[in-house]
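What follows is the residue order along each chain.
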Amino acid sequence: MTALLILLLLVLAAAALVLGREDLRIRYVSRPLYGVFRRILPRMSDTEREALEAGTVWWEGELFRGRPSARALHAIPAPRLSQEEQSFLDHEVEVLCAMVDDWRITRKDYDLPPEAWEYIKAHGFLGMIIPKAYGGLGFSALAHSAVVLKLSTRSSALSVSVMVPNSLGPAELLLHYGTEEQKNRYLPRLAAGEDVPAFALTSPWAGSDAAAIPDHGVVCKGQWQGREVIGMRVTWDKRYITLGPVCTILGLAFRLTDPDGLLGGPRDIGITCALVPADHPGVETGRRHLPLDAMFMNGPTRGHDVFMPLEFIIGGPAMVGQGWRMLMECLAAGRSISLPSSYAGMAQLTARAVGAYSMVRDQFRTRIHHFEGVTEALARIGGHTYMMDAARVMTAGGVDLGEKPAVLSGIVKYHVTERGRIVVNDGMDVIGGKGICLGPANFLGRAYQQLPVGITVEGANILTRSLIIFGQGAIRCHPYVLAEMHAAQAEDAEQGLRDFDQAFWAHTRHGLRNALRAIGHGLTGARLAGPDAAVAPEMVRYYRQLTRFSEAFATLAEAAMLTLGGTLKRRESLSARLGDILSQMVLVSATLKRYQDEGRQAADAPLAHWAIQDAFCRMQDAALALLDNFPHRALACALRIALFPWGRPFRAPSDALARAVTDTLIHPGGTRDRLTGGVYAPRDTDEPLGAIEAAFLATHDTLEIDKRIRAFEKSGRIDPADPRANVRDIADAVHAAGGISDEDHRRIAERNALRDRVIAVDDFPRDLSGPAH
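Residues numbered from 1 in each chain as written. Predicted model: local features only at pLDDT ≥ 70, side-chain atom pairs only at ≥ 80, totals over all residues. Heavy atoms only, no water.

K.L.:
Can you tell me about the overall build of the protein chain, naming the residues and giving the values?
P.N.:
Across its full length, the protein chain carries 32 helices and 8 strands. Its C-alpha atoms give the protein chain a radius of gyration of 30 Å, near enough to 28 Å, the size a compact globule of 773 residues would have. Overall, the C-alpha framework of the protein chain stretches about 100 × 90 × 45 Å when taken along its three principal axes. Within the protein chain, the fraction of its 773 residues that count as buried is 56%. (Helix = DSSP H or I, 4+ residues; strand = E, 2+ residues; numbered from the N terminus. Rg over C-alpha atoms; globule rule 2.2 N^0.38 Å. Buried < 20%, exposed > 50% of the residue type's maximum accessible area, 1.4 Å probe, protein only.)

Written as structure tokens, this is what we have:
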């Protein structure tokens, strides 16, 4: 036994000597590892490298490191609208919303009314992101997001028509990559609405694999403005191009080649972006798609051997072949704002209207919010809406700080649209028949009908979850993996070896520390995990669990990458679950930050508790499902015991908490207004939302009268033969029997008239040709 112990000590001493001496470590350990790493790591193409390196890493990187800091989270400035931006939201946006009748658009005009288009152009809605120096509004990302959110609560055609020119489009590309001549020529016209932009990327044959677009251009000589110049003959066939049918300027992505070497560079130049006038000879636009009855302009564009000069390239000839990098860097900012804002708007609309409806609507002589099944749905609506808007605001704030969050943009796009789908589906379940009969009085049907649009565009959700979030995040967010990859593919192998040695051993130390902390915090339930800043006492346990899950995630990610290597990207379900864990941590972080930034509003705490507990349950389910399906079973069992020694640390939100969340939706006040403050809420009771809000307030105003009516009814003093003794007319019967005063009866009658307007559904002539009644 003594001899074995001595031998073990000698082995450990030798290992310490080798690892402690850089020259020995490199010679005997790092060099062999480096050789293996260089052999097994597939060579990255330029396209893959540009996609992986696009954008920046922000808070999601801290979560990937396993060390999220409450101090650092709170130090991120809380974004605020400027006075000018708030005024625009309160006035111009309100006026524009009032100009639009979504039912008329979808059933008669099939487009925004001309006066709305003119207002959009005249008041700078198409140039919100364009600096004032070029005539734009120069708004922040937060303001852009707030405008899109409010417009989306009125009409999808309206919000999308404003959203797209301010996200991934010619203006964004020109601002970052355009020549000064291009900026001075196009940006003032875009800001003034004199030009309407569209950007054409998607090909019928490439779809989500945008890097594989078959649209192509060939460098050649041709005639331009009466003289021979070097230009391009471009052929393309694109679809799903928003504003394509009405655009005057078309951004176009295609693969450019130079077979004759006219530019003096490589023959296969790569993806290039050009800006082409829609009336340029050979450009075909004008036809449109019909995406689930959404009436925003969207359609195909085509061209065959269209000659265009090199000056059409965004950034000029110097930017040939740079299109993929341009798109990847700009997509992050646009995707962070557009769809998350639209779906946060849908959720706010649902929370405000359906919560009110559940207070107004009676069934079985009981307001429907009292039914526990409805309570469960309302809790999901409230909790998800709170978290969705927290993610929207935090991400827009990051963009305003200069971030281009490539991984975070995929997270918020996927999870905000998916939660939006849950919220709207629950809303439809609560309002029942009211929701399934389309017509002017239906406030939710169109949102429900068009849910798949946002799920599909700007990166299909299925692929975003299974391929992008962790697939890109594992490389971009990990503190060492990208450095190791660069070292392995370095042209100078000796310098690559030295770089690999530094990155690999730092990676090893990092992984071991995270694993040990994860095991310790698993054993103690994270009771010793901080936080490292003053936080709301009611939220302390969430900060602790966030640290614990961050460490556990880092350990699981290391185990997956170490044992599966390059095959992990083909294990899409495993990659998706790792991405789910990372995503839920981001959403919890955003929710904690919202609660902190908004002053720790005690009345809002049920919303935060429900959202965070639900996210932690999703997080642990993803982690355990990952371990259940991990191919190395012994390692999976060891990780389960090490990371979750006491089983599942979180349970689903309780029924009592669901009731508390529901109460925030069915009572007027600050919490409801903070949750749904972005909704366009007309006061006109001829409008569906105006009628719901008026009925909601009238219902609260008559609660005591309802109690007296119910007590009188139970007293047996109403003649059973009175035909008014029914759920609709009971107040008349009680009034006739002397149970309530004339004033009470008047107030109830006014309330009931509003109620009847709210619960009514539209009907039409048999051929659907006439107006609704």
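K.L.:
How would you explain the packing of helix α12 (residues 170–177) against helix α13 (residues 180–191) if you had to name every residue and give the values?
P.N.:
In a packed pair of helices, the relevant descriptors are the angle between the two axes and the axis-to-axis distance. Contact geometry for α12 and α13: axes closest at 10 Å, N-to-C directions at 150 degrees. By crossing handedness, the relation of α12 to α13 is classed as left-handed. Side by side, α12 and α13 meet where Ala-171, Leu-174 and Leu-175 of the first sit next to Gln-182, Lys-183, Tyr-186, Leu-187 and Leu-190 of the second. When its residues are assigned to classes, the contact of α12 with α13 shows 6 nonpolar, 1 polar and 1 charged. (Axes fitted to C-alpha atoms, helices over the stretch in contact; angles between N-to-C directions. Left-handed = near helix turned anticlockwise from the far one by under 90°. Contact = heavy atoms within 4.5 Å. Nonpolar A, V, L, I, M, F, W, Y, C, P; charged D, E, K, R; others polar.)

K.L.:
Residue-level account of the environment of Met-619, with values.
P.N.:
Relative to the helices and strands, Met-619 is located in helix α25 (residues 605–628). We classify Met-619 as buried; its relative accessible area is 0%. Met-619 has contacts with Phe-549, Ile-581, Gln-584, Met-585 and Val-588, leaving out every residue within four places of it along the chain.

K.L.:
Describe in detail the packing of aromatic side chains, supporting the description with residues and values.
P.N.:
Using the criterion set out here, one finds 15 aromatic pairs in the structure. A centroid spacing of 4.4 Å and a plane angle of 10 degrees characterise the contact between Phe-616 and Phe-650, whose relative ring orientation is stacked. You can see Phe-616 sitting in helix α25 and its partner Phe-650 sitting in the loop between α26 (633–643) and α27 (655–666), a full 34 residues away along the chain. Of the two residues examined, Phe-616 and Phe-650, each falls in the buried class. Across from the ring centre of Tyr-386, 4.1 Å away, lies the NZ or CZ of Arg-594, which sits over that ring. (Phe/Tyr/Trp six-rings, centres within 6.5 Å; stacked < 30°, edge-to-face > 60°. Lys NZ or Arg CZ within 6 Å of the ring centre and 35° of its normal.)

K.L.:
Could you give an account of the pairing of strand β3 (residues 227–242), with specific residues and numbers?
P.N.:
As paired strands, strand β2 (residues 216–224) and β3 are joined by 9 bridges and run antiparallel to one another. Bridging from a neighbouring strand, His-216 pairs with Thr-235 of β3. Here β2 folds back onto β3, and the loop between the two strands holds 2 residues, one of which, Gln-225, carries a positive phi near 55 degrees. The pairing of β3 with strand β6 (residues 298–309) spans 9 bridges and is classified as antiparallel. Note that in β6 the partner of Arg-233 across the bridge is Phe-307. (Pairing = 2+ DSSP bridges.)

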